[in-house]
There are 2 protein chains.
Amino acid sequence: MARLVLKFGGTSVANIDRIRNAARHVKRELDAGHEVAVIVSAMAGVTNSLVDYCRQASNDYDSREYDAVVASGEQVTSGLMAIVLQDMGYKARSWQGWQIPLNTNDVHGAARIQAIDGARLIEAMSGGEVAVVAGFQGIAPGWRIATLGRGGSDTSAVAVAAAIKADRCDIYTDVDGVYTTDPRIVPKARRLEKVAFEEMLEMASLGAKVLQVRSVELAMQYKVRTFVRSSFDDPDKVGVDARGNPPGTLICDEDEIVEAEVVTGIAFSKDEAQISLRRVADKPGVAAAVFGSLAAENINVDMIIQITSPDGSTTDITFTVPAIDHDRAIKVLEQTRGEIGHFGIESSTDVVKVSVIGMGMRSHAGVAAEAFRALASKGINIRAITTSEIKISVLIDAAYTELAVRTLHSAYGLDKH
Amino acid sequence: MARLVLKFGGTSVANIDRIRNAARHVKRELDAGHEVAVIVSAMAGVTNSLVDYCRQASNDYDSREYDAVVASGEQVTSGLMAIVLQDMGYKARSWQGWQIPLNTNDVHGAARIQAIDGARLIEAMSGGEVAVVAGFQGIAPGWRIATLGRGGSDTSAVAVAAAIKADRCDIYTDVDGVYTTDPRIVPKARRLEKVAFEEMLEMASLGAKVLQVRSVELAMQYKVRTFVRSSFDDPDKVGVDARGNPPGTLICDEDEIVEAEVVTGIAFSKDEAQISLRRVADKPGVAAAVFGSLAAENINVDMIIQITSPDGSTTDITFTVPAIDHDRAIKVLEQTRGEIGHFGIESSTDVVKVSVIGMGMRSHAGVAAEAFRALASKGINIRAITTSEIKISVLIDAAYTELAVRTLHSAYGLDKH
């Protein structure tokens, strides 16, 4: 007997028929003798409607009231899932954030989980009852309803799994696992059987939209084995997907992965903007003024390149920011001209960051060189580079996205056999 | 300065524009220096959709989960109303049943309020904040969400008004007050300026659908002055309706009504069924067997007439039950044949109960005789009669409903001058 968390996203609970289908996955685990907690999102489209109401009500709505409004979506699904499970003959009840309690901080609209008391859930589950938890929501100081921000139900699921010491957290979604890269771009992309937490974190933060970043961080922190699979698999077939393969991808500790690949996947992110500052006076304090002013506005700077002119009098600084912060960043930079003197500003959102990710990279030399060689062979110009222990990222023109991803996918031997 | 409760029903908060209009009524009271609590229903149509989801999920849904699902409708409106009020520059926050707390018993789906702790609401209001309370919902033992049954937001409003010792509870609805009778049937019906609690209770329970019966009971018990008015009146005009009259109807203690009318109104209810038992053996225990078996099935019996045959051997018993209980009642009665011997059963749902209501009736003789005379003059046959201190009810053929109501309305001088 194991203790499992099963999480179903909005498309998997979009109507009563889908909820019933999701419940059949729960049934399979219950019939196998497992204890089950279910985490549900709002029915597809509901959260958007509720957010829209808030926007109609005010351009500058109180995020505490926004939370009270939008958290209702998950409340509805949790009650309906409990009813459907009962209708199938199982004991079940819904749990709202405040009933557990699932405590968050007071950053309404994007709250972070601070503590989950798993005692009541464990007690209910050990009595044979399915605990159906409303995802995405918790209770903030002052007994106000809080939400975790978009996609927060993944985070709820992993956090609840940690709190109740679950053996595994199964994320049922509309994709059937984590792939070596986006299969829409590279048809030869393979589904990964296992991915290390660290790798998944890089993939999630780099635009593979399978799991919310925060949920992967939590899974890594609490070593919650997290299994991503499709809610549209036949619920009655244990351990196989529609094609007869083991379904889904397990995100786990690297110890569980017997022989790590050098490169696990190729990720890319189009949500980048490149900004270049031209002919900036090359004097002390310039970088501090530029990046300090951006930091003060909560604009995250990623890749940074600085090239000093041959005579040493001026310097060119190139860096990237999230595309949504582009306009704000330009405004902030224009204001620093008074401080550090005149300089030119060029920018482009027509760029993409492509990343090569793999735990095995740590013990293999020449992985970066291989990427540069492969891209050069296709005539793809690299605008900027960043690396970490398990990742190499390059910034290139957006027009080359597909070519670059396919080239790297092939170069590292990730294509299907 | 007064402390006021303003309650808005589903049609008054059907969309953001309507919520904004409702908020202008709140604004008027705030600007006059009053402390305000607002009770809101779910946006029109929302509760029905949520109920429909529950029915799709199971034919026999758990009422605790039903409550979690449907209570979300009021949660949404409370948050949106708070946002709209803030957008107009006022301090406001939403309150769910569990946050107040508003404690109910555990009869989920139709829970009764047991206690309301008004302390937090009073504290917030005395700090200048509008308390926007989600109507219809509370918290049952075991920290489960409970709802008060359909129309329960009126009850929430009156109960909160009692708990915070409000000076008045204003019920904003889609009608502009309580009328001497249904204006759709009698165009000459007049809006009443004041109605005594006892009279309103009779009107509410007899089918005048302005207020939920339970809310009037509570208002009477706690002497909550309750003012029924239209949410579509111009919010900026104080104390007048669209025609320049004082808006609405005050439901209050009879002491506030200087000179009570003998008859205040004519109510009618089509939700009645008449059942006649023919040739029942006239022996001790028959009535106990008949009415005991109906009571055991929670079927309320209203009017009862018994006529013994000339030779005294058999008796005919006629009575009424709510129309929705008709089929169950017949089934129960057929089962009693084994106990008390054979008898014939006739029944009809094609009947209507028309009632004449007025506090002044207590001190005036001949009020009932006037009703019988007036109906007889129009050839309307009376099938059964019940009376109380302030009410005379007659059961007649449904076909005569309009004629009977108009005749009585005119007979007691209720037509507009």
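Residues numbered from 1 in each chain as written. Chains lettered and ligands numbered in written order. Predicted model: local features only at pLDDT ≥ 70, side-chain atom pairs only at ≥ 80, totals over all residues.

Participant: Tell me about the domain arrangement of chain A, residues and numbers included.
Facilitator: Interfaces are often sized by the amount of accessible area the parts lose when they come together. All names here are of chain A. One can read the domain layout of chain A as domain 1 (3-255) and domain 2 (259-417). Summarising the inter-unit geometry, the C-alpha centres of domain 1 and domain 2 are found 33 Å apart. Contacts between the two partners involve 18 residues from domain 1 and, on the opposite side, 20 residues from domain 2. Among the elements of the structure, strand E10 (194-196) and helix H7 (197-205) are those that each provide at least two residues to the side of domain 1 that touches domain 2. Of the residues forming the side of domain 1 that touches domain 2, the biggest block, four residues, is contributed by H7. In terms of residue class, the side of domain 1 that touches domain 2 is built from nine nonpolar, three polar and six charged. (Domains from an automatic or database assignment. Contact = placed C-beta atoms within 7 Å. Helix = DSSP H or I, 4+ residues; strand = E, 2+ residues; numbered from the N terminus. Nonpolar A, V, L, I, M, F, W, Y, C, P; charged D, E, K, R; others polar.)

Participant: Tell me what's going on with the packing of helix H4 (residues 72-87) of chain A against helix H2 (residues 46-57) of chain B, and back it up with residues and numbers.
Facilitator: Packing of H4(A) against H2(B) leaves a shortest axis separation of 9 Å and a crossing angle of 25°. Considered as vectors, H4(A) and H2(B) are oriented roughly parallel to each other. As for the relative orientation of H4(A) and H2(B), their crossing is right-handed in sense. On H2(B), the residues that touch Val76(A), Leu80(A), Ile83(A), Val84(A) and Asp87(A) of H4(A) are Leu50(B), Tyr53(B), Cys54(B) and Ala57(B). (Axes fitted to C-alpha atoms, helices over the stretch in contact; angles between N-to-C directions. Parallel < 35°, antiparallel > 145°, perpendicular 65-115°, else oblique. Left-handed = near helix turned anticlockwise from the far one by under 90°.)

Participant: Mind laying out the interface of chain A and chain B, listing which residues take part and the relevant values?
Facilitator: With 27 residues of chain A at the contact, the number on the chain B side is 27 residues. Listing elements by their share of the side of chain A that touches chain B, those giving two or more residues are helix H2 (46-57), helix H3 (63-70) and H4 of chain A. Among the elements that make up the side of chain A that touches chain B, the one with the highest residue count is H4(A) (11 residues). Across the side of chain A that touches chain B, the residue classes tally to 15 nonpolar, nine polar and three charged.

Participant: Provide a residue-level description of the relation of the copies chain A and chain B, including the pertinent values.
Facilitator: Note on the identical chains: chain A maps onto chain B by a rotation of 180° and an axial translation of 0.1 Å, with an RMSD of 0.2 Å. The operation mapping one copy onto its partner corresponds to a two-fold rotation axis. Relative to the rotation axis, the C-alpha of Ser72(A) is the closest in chain A, positioned 2.7 Å from it. Mapped onto chain B, 100% of the interface residues of chain A are again interface residues, and the two copies thus contact each other with one and the same surface. (Least-squares fit on C-alpha atoms with pLDDT ≥ 70 in both.)

Participant: So what's going on with the pairing of strand E2 (residues 35-40) of chain B? Which residues, and what values?
Facilitator: Residue and element names in this part refer to chain B. The buried count for E2 comes to six of six residues, which makes it a mostly enclosed element. Of the two faces of E2, the one lined by Glu 35, Ala 37 and Ile 39 and the one lined by Val 36, Val 38 and Val 40 are each fully buried. Pairing of strand E1 (residues 3-8) with E2, which is carried by six bridges, proceeds in the parallel orientation. Each bridged residue has a counterpart across the sheet, and for Leu 4 the counterpart in E2 is Val 36. For the handedness criterion, the β-α-β arrangement of E1, helix H1 (residues 16-31) and E2 is classed as right-handed. (Buried ≥ 20, exposed ≤ 12 C-beta atoms within 10 Å, placed from the backbone. Pairing = 2+ DSSP bridges. Right-handed = clockwise from strand over helix to strand, strands pointing away.)

Participant: Describe the sheet that holds strand E20 (residues 391-397) of chain A, naming the residues involved and giving the relevant values.
Facilitator: Residues and elements named next belong to chain A. Strand order in the open sheet formed by four strands is E13-E18-E20-E19, and the pairing between neighbours is antiparallel. Each edge of the open sheet is held by one strand with a lone partner, namely strand E13 (265-269) and strand E19 (384-388). Pairwise comparison of adjacent strand axes, ignoring direction, gives a mean angle of 20° for this sheet. Strand contacts of H7: E13, strand E18 (351-357) and E20, with the helix running at about 170° to E18, the strand carrying the most contacts. On the sheet, helix H11 (residues 367-377) packs against E18, E19 and E20 and is oriented at approximately 20° with respect to E20.

Participant: Would you mind going over the sheet that holds E2(B) in detail, with residue names and values included?
Facilitator: Residues and elements named next belong to chain B. Ordered in space as E3-E6-E2-E1-E9-E11-E12-E10, the eight strands form an open sheet in which the pairing is mixed. The open sheet has two free edges, formed respectively by strand E3 (91-95) and strand E10 (194-196), since each of these has just one partner strand. If you compare each strand with its neighbour and ignore which way they point, the axes differ by 20° on average. Relative to strand E6 (residues 129-134), E2 is paired through four bridges, and the arrangement is parallel. Considered in E6, the bridge of Val 38 is made with Val 132. This element, helix H7 (residues 197-205), spans E10 and strand E12 (249-252) of the sheet and lies at about 85° to E10.

Participant: Explain the packing of H1(B) against helix H4 (residues 72-87) of chain B to me, using residue names and the numbers behind them.
Facilitator: Residues and elements named next belong to chain B. Put simply, H1 and H4 touch, their axes get as near as 9 Å, and they point 60° apart. As the angle between them shows, H1 and H4 are arranged oblique. Every pair of crossing elements has a handedness; the one defined by H1 and H4 is right-handed. Residues Ile 16, Ile 19, Arg 20, Ala 23 and Val 26 of H1 lie in contact with H4, whose contacting residues are Leu 80, Met 81, Val 84 and Leu 85. Here the contact of H1 with H4 is composed, by residue class, of eight nonpolar, no polar and one charged.

Participant: Tell me about the pairing of strand E11 (residues 226-230) of chain A, and please be specific about residues and values.
Facilitator: Residues and elements named next belong to chain A. Among the five residues in E11, four count as buried, and that is most of the element. Pairing of strand E9 (residues 168-173) with E11, which is carried by five bridges, proceeds in the parallel orientation. Following the sheet pairing, Ile 171 is matched in E11 by Val 228. Pairing of E11 with strand E12 (residues 249-252) involves three bridges; the strand directions are antiparallel. Bridge assignment links Phe 227 to a residue of E12, and that residue is Leu 250.

Participant: If you had to explain unusual backbone geometry to someone new, which residues and values would you point to?
Facilitator: Pro101(A) follows Ile100(A) through a cis peptide bond whose omega is -15°. Within the secondary structure layout, Pro101(A) lies in the loop between strand E3 (91-95) and strand E4 (102-104). Even without a glycine there, the phi angle at Arg279(B) is positive, about 55°. Within the secondary structure layout, Arg279(B) lies in strand E14 (residues 272-281). Of note in the backbone geometry, Asn298(B) takes a positive phi value of approximately 60° without being a glycine. Structurally, the position occupied by Asn298(B) is in the loop between helix H9 (286-296) and strand E15 (304-308). Asn298(B) sits in the exposed class, given 8 other C-beta atoms within 10 Å.

Participant: Got a sec to walk through the confidence of the model for chain A? Specific residues and values, please.
Facilitator: On average, residues of chain A score 92 in pLDDT, and 97% of them are at 70 or above. In the predicted assembly, ipTM is 0.84 and pTM is 0.86. (pLDDT = per-residue confidence, 0-100.)

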